[in-house]
Amino acid sequence: MKKIIYSISMIVMLITVSSCRKWLDLQPRDGITRAGFWKTKEDIQAAVAGCYTSLLAPPPGVNDKALTEYIFMYGEIRADMISAGPNATEDEKNVFDNNIVQSNTITPWAAFYRTINYCNTVLDFAPGVKEKDPTLTDAQLNAYLSEALALRSMMYFYLVRNFRDVPLKLTSTSKDTDLSELEKSPAAKILNQIVEDLKRAEAGAVTTYGSTVSDKGRVTKFTVNALLADVYLWMDNYSACITECKKIIDSQRFAIQNANSSWYNNVFYNGSSTETIFEFNNQQSTGATNNIFYNLLIQAKKRFIAAPYVLTDVFVPDDLDPVRNFDIRGNGTFYRTSDFSIIKYGIENPSYVNWQAYRITDVLMLEAEALAFTPGGGQQAVDIINTIRQKRNAVAVTAQTPSPEDADAICDYILAERAREFAFEGKRWYDLLRVAKRDNYRRIGILLEMISRTVSPAVQQSAINKFKDVNSHYLPINESELFADSKLVQNPFYTK
Amino acid sequence: MTKKYTYHFCFILFCLLVSSIANAQQINYVRGKVIDKKDKQPIVGASVLLVDKDRRVIKGVSTDVDGNYSLPVVDKTSRITVSYIGYKSTEPLPVDKAVINFQLEPSANQFEDVEIVSRKKSDNGSGMSIDKRDQTSSIGTIDAKELEDMQAASIDQALQGRLAGLDITSNSGDPGAPMQIRIRGTSSINGAVDPLIVVDGMPYDISIPSDFNFATSDENNYGQLLNIAPSDIKDISVLKDAAATAIWGSRAANGVLVINTKRGTMGPPAISYNFKGSYSKQPSAIPMLNGNQYSSLILEEYYNAGRQFSTTDFAKEFQYDPNDPYNYYNYSNNTNWLEAITRIGYLQDHNLSISGGGEKAKYRASLNYFNNKGTTKGTDLGRLSARVNLDYQVSTKIRFSADIVYTHIDNQNLYTLGLRDVAYNKMPNQSVYEYDEYGNLTSNYFSPSNTAQGSFGYDFVKSKISGTYNPLAMAIAANNHQLGERIIPKFSLQYQIIPDRLRFNANFQADINNTKVKTFLPQIATGRPFTDATVNFATDADGDAFTMQSSMTLAFTPALGKKNDLVLFTRFDSYDNRRTGQSMFATNTASSYLADPSIDGRTTAVGSAYSSFAQSRSVGLLLSGQYKFLDRYILNAGIRTDGNSKFGPNNRFGIFPSVSGRWRVSGEPFLKKAKFISDLSLKASYGIVGNAPRNDYSYLNTYQNYGFSYLGMAGVYSSNIELADLRWEKVAQTNVGVTLNLFKNALNMDFDIYRKRTTDLFYQGLSIPTYNGFSGIDMNVGTMDNQGWEFSLNAVPLKRKNLRIDFSFNISHNENIIREISPLYPRENKGKITQNNVYKVYIQENNPFGSFYGFRFKGVYKDADATIARDANGNQIIGPNGEKVYMRFAYPSIDYIFKPGDAMYEDINHDGTIDYKDIVYLGNGNPKLTGGFGTGILLNGNIRFGINFSYRTGYQIINGTKITTTSMYNYNNQSTAVLRRWKAEGDVTDMPRAIYGTGYNFLGSDRYIEDGSYLRLRSLTAKYDFNNKFLKRVGMKGLSANLMVENIFTFTRYTGQDPEVPVKLTAFSTVIDNSTTPPVKTVTLGLTANF
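(A) Molecular detail of the overall build of chain B. A tally of regular secondary structure across chain B gives 13 helices and 55 strands. The proportion of buried residues among the 1091 residues of chain B is 55%. Residue pairs in contact within chain B that sit at least 24 positions apart in sequence constitute 71% of those at least 6 positions apart. Element-wise, carbon and sulfur atoms account for 56% of the exposed surface of chain B, whose accessible area totals about 46,400 Å².

Okay, here's the thing in structure tokens:
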């Protein structure tokens, strides 16, 4: 009897164990598993689209600010074009006062790395599709990879400009067993990686997707060139910068529009104009989500307003006839004087105005800045600025007449003009820092002068003293990152 | 031809003859009469059955009006038996006569004058039933007899304080609010923490799956979780140590609660009706300021903060200006908001059951209707449940059972749990109903969109309510309605392969559990303008769970002679659970009467529709055996394999052994003479149980869609990290215990010491560096211990014919200690000690959980002189230039100089500044001892008095209500304690000055830490059973009435509402009492009638 029971139970056990393995293997119905994905070229397209969507909003279930919000804040909040609105958080006010500690809630870099990880995922898994989908051509695959490379480079460029040395992760994170701790890589190494990646991207990127909206909203060869030009200028590689700018300008695909009443609508409100090289497309018509700026800049409890300095010094009213003679970028288009609201991104709730990443004027002025430091390029640089000013109907009071030999003076002029052209587009801080840090912080005075304008009088002296330490120009690594990675070292200024 | 016929005829005749001869020996028909043995009257309708050797029925008839029967007999081996409800069945007799008469004995008499020595069989629910005296593991059992007098809506309420090692706390006193059940602490910090509930041998789900999107209005109650009517319960056992829980495998890591329901017994139909009705009242609330006191406080707060009030519009709300009649009438009241939302609660519970059965079939059916109107307006719970338990005995070998349970729940909840807090804080000068500008009171709720206190806010991403509103309007007008339908059919088959030796048992159970939650937030509840997205906000969420479980057991009891007993047992379980959830919301519907989200609203935001599907499966195979030698040495060993679909292929199966033993010392020859010892046993056990994580599919890297597209292309992103490395969380438990029963079980004692060690502790969302693209990951992070001891005592000190006294007592102690933890695990909570109302919590290896740190409160600076810094000797510190140095706060980062009237904190290191260096240990939120005791007195066999206490000692609570009601920092109403606040230089008091929006007067300090120890007179009961004489006259079998009073007194030094605060264990949780509805005082009248 015992024998029978024993053998029966053994058999039952063997059968159940082997069939249980299958029975316990369950697959989710919502969502696709990695094993089930990466089969066709459409999968690659969906994943690449995911990289773009991550620019506009955090993915569902992730509680974070949108990436665009970080880009806006990082580019503006440390500079002089915006001030704290009635609902600015304590941490944001601290940044305005140049009182930044490692627990400050604007310092997390997770949003940038999230997009980097999506790009890495495409770069890791898309090439494998080639074997499974014979209809995928090499050119098509390379085009997709170029988009991912360009977006990843753009994210690393933001990180380098804000944190200087950051961990460089070039592979995707998909398995818990692959996790490892990383150290910071020096900024120079990351910049070289960016240049290398962008060169690769340039080779694969398309010049057009066949529709204007896609050409502006997705990465094209010209996006890569613009990004490269920006990176080269940051690295003070003037000749390379000029070469990249030339590629864009010579393509004849972009043009500055005339100053008329529809200019704002064409370039910003509707977007995808001839001026734009790359934009984050928020338009409702394409199924995208609204931009984040209504809550940030428009509603009664807004967090940021235009700084008084913008009204008095950047867009100086014409002293003769301010009503008829005005800069088209000033009051009523980029901001409104009545309540200091920044209206560049629409005043509707919600608003769908695109985020402009690169416009032709940006490239022109990058070229101008590079030319200013190129022997014999001074006059050309001044001419570029004047062309733009003319197109924008800039008022005479803001005109400057630098000597073509005086690179610093031309640079100041470019800075002033960039402040007008790219007001509230998240570029101001990098412009100031780029100029200030050139030749071993020869012109640190620009930053010191700027900080004395922006911080509250009570903390002015301490803010200036802090800014004299060039390490303070970069943000601290958020403390939660330091807890999570023992190899990560806080940036120099914030270690005390 | 004729010849042939003749031959045939002869042959037939011969055959007939032969058969008639045979008839003379055998019987073709059997007939007879069935009469009552006592009164010799014929019994009508008794069933007379012919059965085979396995008692399988071959043929049967009923007796006629004269008690006669007649049956054809086909098989000569058949035997005959008679049964009738209310009578003892006869043993099967061989059919050896043509006429067999029967005399039946009434069954009511069968136990007359027989004293039953009850020996509880305890059941771990699995079907392997073992005599309680032979148990090797730690199991606590409670008979429903003890519970049946309680009015509790659910059994978890009734179990409070009744069993050692079982800690039950209520989350709030509102109807349908779930209880938090913990058996020997929590073994996991982030995995599943609820114990497994087993009903009639099958697991019973009590938690709402997290993938049901019900979180549309913050945390809520889902009342239909443990909704078995208490009157249907036969007994409840708590399996505590691993040897006991190992049988249940991976879902039993937090202990098991085994519930058996009542089943039918043989006899005439017994009808029982049970009624309970109760009346409950809220205990008195903390006294709060009235409108006038409040308004002057606000003005003082502003003055002290150096603020100008007159510039804001809100100033009107405090000006009491008759020239502004609308504001004057609406903001010059003395409203008691708490009173406005409180009412008397009522409860009624009707239970009707019928049970009975015959030899073959037994049944019990019950119908229960429960209705509870809560003490907070806008809350009630209705429940209708029906249960049918059927048993059919096909033969002595085969038995079928079919049980069907149906429950319907209709629960009206508060829209937000924070209602009572808002009522506490609400400005008392505001009116409940709106006055018009002529001073006439209207019937509209006064719900201004914005007051000085702020406005209502709702975070759609986090589903979180913030801000303030008119509490009464919120309670009455806003709707949060839950409907639940649950059907549990269960079928089982028992087959005696070898009678009394080898038994096979198969069970199949389905569980169909549908829940619907509809909420609606009309404009009037919040007063927000119609453009606001929270206005007329309607949600509808549906969650359907479908579970199929099966189990097969095989039990073998070989005959090994008198000295040896052996039980071998194997069990196979399968579990399949599928869940689908849908929800949608719409906001800004056109009218407050359009409360359904399917009506298009103005706003359709991302996430306005949701649906999910998830499935999980598990299997388990148990092999177990118990061996007993000489009735003294008992050894039990088992091994269980568990497989779970939540793990990746590499870690899917886990093997968990258990072993336990018992030595009955009292059975040894040297103790034979000590007659007073009924049982003295030592028990020891060790076992491992695995715990599976909460989430399904986490071992797969899934890609999901964004809620919008980019340039018309749908975006896909990688939504998680593949958890290839996630392993079983293992809970290894060691238990050592002593059982001592004295004086024929008149005094029973149990003592257990245990250590529950959880290794590979789950942690959800452990921070990882975000350069990975994710900020958190689920991981096995460390080792945690739960250790403690339990003691329980049951005694019958007096047992006379007309007086019997019972006494029971239990006490237990448990503590949580982290032994080892991943370096990635944060070591302190995120709070900044330099902010008001923040306590620090640190994790340290080998130290118990739940300790909190903060400043020491020393009173209030009475004047400027008092704020001068002093050194360790008490001398004033003088600066280098001879200037006075004043006490500062958090120099240099904040550098606030204390002013007269500010709260004074102890400068531990005498450096003249109060900062993180001055924080000290303040207390621990885990109780040192918990338990309960009670006594019962039975007079004359029919009058019973009972009294029950529950207690907890040795823990500290942060009195959160005290913080918020004495902070004087914003527009919240404060308790009357602030009337003694510091007002002018020289005031000596312990209440700091009022100061709006600044200052450091309510830092985390010992000012709010209180000893939470309490002793609660949980219940007082009186029960009267009507005597037999009376019952005979009215024709009833039983009638009893009882009266019970609950939550009568709580003896405590705690000054808050209720010291019974559930500990939600995470490593950094502190026990904060934010005063939800305290346990209400309840008077219950009960009536039980049996027919």
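(B) Quick peek at the domain arrangement of chain A. Residue and element names in this part refer to chain A. According to the domain assignment, chain A consists of domain 1 (2-78 + 108-205) and domain 2 (447-496). Domain 1 and domain 2 are separated by 32 Å when their C-alpha centres are compared. Between domain 1 and domain 2, the residue contacts involve 15 residues of the former and 21 residues of the latter. For the pair domain 1 and domain 2, the summed buried surface comes to about 1,500 Å²; carbon and sulfur atoms form 51% of the total. Per-residue buried area on domain 1 facing domain 2 is highest for R78, R164 and E181; these three make up 44% of the total on that side. Here domain 1 is connected to domain 2 by zero salt bridges. The interface formed by domain 1 and domain 2 includes nine residue pairs in polar contact (both at pLDDT 80 or more). A total of four residues in the side of domain 1 that touches domain 2 trace back to one element, the largest contributor, which is helix α6 (residues 138-163). Across the side of domain 1 that touches domain 2, the residue classes tally to seven nonpolar, one polar and seven charged.

(C) Quick peek at the pattern of salt bridges. Within this structure, the stated rule accounts for 73 salt bridges over all chains. E425 of chain A is the salt-bridge partner of K344 of chain A, the closest N and O atoms lying 2.6 Å from each other. Here E425 of chain A lies in the loop between α16 (407-421) and α17 (428-441) and K344 of chain A lies in the loop between β8 (341-342) and β9 (355-359), a separation of 81 residues in the sequence. Residue class for E425 of chain A comes out buried when judged on its relative accessible area of 3%. Between R640 of chain B and D642 of chain B there is a salt bridge, and its shortest N-O distance comes to 3.1 Å. Accessibility classification places R640 of chain B together with D642 of chain B in one group, the buried group. In the salt-bridge network here, residues are joined through shared partners; they are E275, D327, R329, K344, R359, R389, R392, E417, R420, E421 and E425 of chain A.

(D) Focus on the environment of R21 of chain A. Relative to the elements of secondary structure, R21 of chain A occurs in helix α1 (residues 2-23). By relative accessible area, which is 46% here, R21 of chain A ends up partly exposed. In this structure, the C-alpha to C-alpha distance between R21 of chain A and Q140 of chain A, residues 119 residues apart in sequence, is 40 Å. Residue contacts for R21 of chain A: discarding those within four places in its chain leaves R652 and F653 of chain B.

(E) Molecular detail of the packing of helix α14 (residues 360-372) of chain A against α16 of chain A. Residue and element names in this part refer to chain A. Running from N to C, α14 and α16 cross one another at 170°; their axes reach a closest spacing of 9 Å. By the angle class used here, α14 and α16 are roughly antiparallel. Between α14 and α16 lies a crossing of left-handed hand. On α16, the residues touching T361, D362, M365, L366, A368, E369 and A372 of α14 are A407, I410, C411, I414, E417, R418 and E421. A class-by-class count of the residues in the contact of α14 with α16 yields eight nonpolar, one polar and five charged.

What counts, and at which threshold
Residues numbered from 1 in each chain as written. Chains lettered and ligands numbered in written order. Predicted model: local features only at pLDDT ≥ 70, side-chain atom pairs only at ≥ 80, totals over all residues. Heavy atoms only, no water. Helix = DSSP H or I, 4+ residues; strand = E, 2+ residues; numbered from the N terminus. Buried < 20%, exposed > 50% of the residue type's maximum accessible area, 1.4 Å probe, protein only. Contact = heavy atoms within 4.5 Å. Areas by Shrake-Rupley, 256 points an atom, 1.4 Å probe, with all protein chains shown as cover. Domains from an automatic or database assignment. Buried area = accessible area lost by both parts, 1.4 Å probe. Salt bridge = Lys/Arg side-chain N within 4 Å of Asp/Glu carboxyl O. Polar contact = N/O pair within 3.5 Å; in protein donor to acceptor, adjacent residues only side chain to side chain. Nonpolar A, V, L, I, M, F, W, Y, C, P; charged D, E, K, R; others polar. Axes fitted to C-alpha atoms, helices over the stretch in contact; angles between N-to-C directions. Parallel < 35°, antiparallel > 145°, perpendicular 65-115°, else oblique. Left-handed = near helix turned anticlockwise from the far one by under 90°.

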